[in-house]
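Survey of secondary and tertiary structure
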Amino acid sequence: MELLSHYLKSHEKRKIVLDESTVLIAVSRCIQDQFGAQGMCNIKAVSWNNGTVILEIQKSIWAGEFLQQKKTFLECCNNYFQSEQPIKKIFVRS
């Protein structure tokens, strides 16, 4: 009979491959959590590539609000992924 701890240790070593849609869903949820329904209307996650998320912000007032909370937003997004931190930088375009 194998021990349960042996089974768990063997599955911990697998690396999870993330795709763009998975990361963008997590970013959209963070936008909803941090900025609410109005934030979802004005801030859109456009793409993710090599650890950089590109966000498109419609109004300058939202860009200012986002830039004030950029660090906490990055932490919020990476908290969705337990072992990895797929988002290294956030690029904002208006």
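Residues numbered from 1 in each chain as written. Predicted model: local features only at pLDDT ≥ 70, side-chain atom pairs only at ≥ 80, totals over all residues. Heavy atoms only, no water.

1. Some words on the sheet that holds strand S2 (residues 52-57)
Each strand in a sheet pairs with its neighbour through backbone hydrogen bonds, running either in the same direction (parallel) or in the opposite one (antiparallel). Spatially, S1-S2-S3 is the arrangement adopted by the three strands of the open sheet, whose pairing is mixed. With partners counted over all chains shown, the strands left at the sheet margins are strand S1 (43-49) and strand S3 (89-93), one partner each. Sheet twist, expressed as the average angle between the axes of neighbouring strands with direction ignored, equals 25°. Relative to S3, S2 runs parallel, the two being bridged by five bridges. Each bridged residue has a counterpart across the sheet, and for Val-53 the counterpart in S3 is Ile-90. (Pairing = 2+ DSSP bridges. Helix = DSSP H or I, 4+ residues; strand = E, 2+ residues; numbered from the N terminus. Axes fitted to C-alpha atoms, helices over the stretch in contact; angles between N-to-C directions.)

2. Observations concerning helix H4 (residues 70-79)
Listed as buried for H4 are Phe-73, Cys-76, Cys-77 and Asn-78. As for H4, its buried residues are in contact with helix H2 (20-42), S2, helix H3 (60-68) and S3. (Buried < 20%, exposed > 50% of the residue type's maximum accessible area, 1.4 Å probe, protein only. Contact = heavy atoms within 4.5 Å.)

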